Amino acid sequence: SDAMLCTQILGLGSGLCLSLSLGLLPASQVLLLACGTDDSRIQLFAENSESGDQGPTEMVKVDSLMGHEDWVRALDFATDDCGDLLLASGAQDSMVRLWRISASVGGAVKRRVCELAAGEDILPQERMFSVMFRGGPRHFAVSLESVLAGHEGWVYGVNWHPSVTGDDGSRQPLSLLSSSLDKTLVLWAPDKQSGVWLDAVRLGEVGGNTLGFYGAKFSPDGNSVMAHGYQGSLHRWCHSQSGSKSSSLGNIVAGR
């Protein structure tokens, strides 16, 4: 039968869910669900495969990410070329946060600075959670990759660049598109030398009586972006073929 069946209802307590995104945990086919709520948290639910083949698998809460200071309005997953899962989150605090989820061989081990070897980097704090597989538990680490501050209004949308397939296989470009009520779209990318995430391109409108953008998406090839505005219009930008970083406004479609 092709009928859809509700197999589980997830409870979020007193929080109201405002955004959702699904991804696959690193080196597995296990679903990870992220829920952005109005209590400034991101609730993570993962499939529990411990039950085996007896009925559908259940989603269990594995972690709650904190850091935003207002409602979490947007979420999007992507898997980088190293196999780690990247989660982008945007909120009404005007911030975009990047989270990295990676496979771990065991629990987190806390060390003092004096215990680090010479030349060893100080890594960001990691949160650990475990998921039950048929072969036993597997551990994963969640760390805050970066905080992107560049918007002056609520962030309503985040979208990763689509993966690109070439002769050498598929790769994931590290480029993130965010949309805000401050009338701007920002393309974020890490600096090639330092690795620090910076605003590579800024798009949008200057002046007028519009109230910004509710969301934006890359085209399948990543060469253009489409955004929808507060007053019902659709805005499209195309990447310039001249080799510069500039982008040109393609079409504006107005509606009600």
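Quick caveat, the model's predicted, so the values are computed rather than measured.

### Points about the packing of aromatic side chains
Per the stated rule, a full pass over the model turns up six aromatic pairs. Between tyrosine 156 and tyrosine 214, the aromatic rings sit 4.9 Å apart at their centres with planes inclined by 45°, giving tilted as the arrangement. Note that tyrosine 156 is positioned in strand β10 (residues 155-160) and tyrosine 214 in strand β16 (residues 213-218), a separation of 58 residues in sequence. A relative accessible area of 18% means that tyrosine 156 is categorised as buried. Following the ring pairs from residue to residue traces out a cluster consisting of Trp154, Tyr156, Tyr214 and Tyr230.

### Here we look at the UniProt feature "repeat: WD" (unreviewed entry) in the protein chain
The residues that UniProt annotates with the feature "repeat: WD" (unreviewed entry) are residues 65-102. When the span residues 65-102 is considered, its composition is 0% helix and 66% strand, and the gap between its end C-alpha atoms is 15 Å.

### Some words on the pairing of strand β6 (residues 85-91)
The element β6 is extensively covered by neighbouring structure, given that seven of its seven residues are classed as buried. On β6, burial covers both faces: Leu85, Leu87, Ser89 and Ala91 on one face and Leu86, Ala88 and Gly90 on the other are all buried. Strand direction decides the pairing type here: strand β5 (residues 72-79) and β6, joined by seven bridges, are antiparallel. Its bridge partner lying in β6, threonine 79 is registered against leucine 85. A loop of five residues connects β5 with β6, the two strands running antiparallel in sequence, and glycine 83 in this loop sits at a positive phi of about 95°.

### Overview of the sheet that holds strand β1 (residues 17-24)
Read across the open sheet, the four strands follow the order β1-β2-β3-β4; overall the sheet is antiparallel. Of all the strands in the sheet, the pair left with one neighbour each is β1 and β4 (58-66). Strand after strand, the sheet turns through a mean of 25° between neighbouring axes, direction not considered. One ladder, built from five bridges, connects strand β2 (residues 31-37) with strand β3 (residues 41-48); its direction is antiparallel. Looking at the pairing, alanine 34 lines up with leucine 44 of β3.

### Overview of the nonpolar core
With 21 residues, the main nonpolar core has Leu25, Leu32, Ile42, Leu87, Ile101 and Val131 as its most contacted residues. Only β2, β3, β4, β5, β6, β7 (95-104), β8 (126-133) and β9 (136-149) provide two or more residues apiece to this core. Core analysis: the next-biggest nonpolar cluster, separate from the first, contains 14 residues, Val155, Val158, Val186 and Trp197 among them.

### Notes on the sheet that holds strand β15 (residues 197-204)
Strand pairing within a sheet occurs via backbone hydrogen bonds; the two strands may be parallel or antiparallel. What the four strands build is an open sheet, ordered β10-β13-β14-β15; its pairing is antiparallel. With partners counted over all chains shown, the strands left at the sheet margins are β10 and β15, one partner each. Averaged over all pairs of adjacent strands, the angle between strand axes in this sheet comes to 20°, irrespective of strand direction. The pairing of β10 with strand β13 (residues 176-180) spans five bridges and is antiparallel.

How each quantity is defined
Residues numbered from 1 in each chain as written. Predicted model: local features only at pLDDT ≥ 70, side-chain atom pairs only at ≥ 80, totals over all residues. Heavy atoms only, no water. Phe/Tyr/Trp six-rings, centres within 6.5 Å; stacked < 30°, edge-to-face > 60°. Helix = DSSP H or I, 4+ residues; strand = E, 2+ residues; numbered from the N terminus. Buried < 20%, exposed > 50% of the residue type's maximum accessible area, 1.4 Å probe, protein only. UniProt positions renumbered as here; feature names shortened; annotations may be inferred. Pairing = 2+ DSSP bridges. Axes fitted to C-alpha atoms, helices over the stretch in contact; angles between N-to-C directions. Core = buried A, V, L, I, M, F, W, Y, C linked by side-chain atoms within 4.5 Å.

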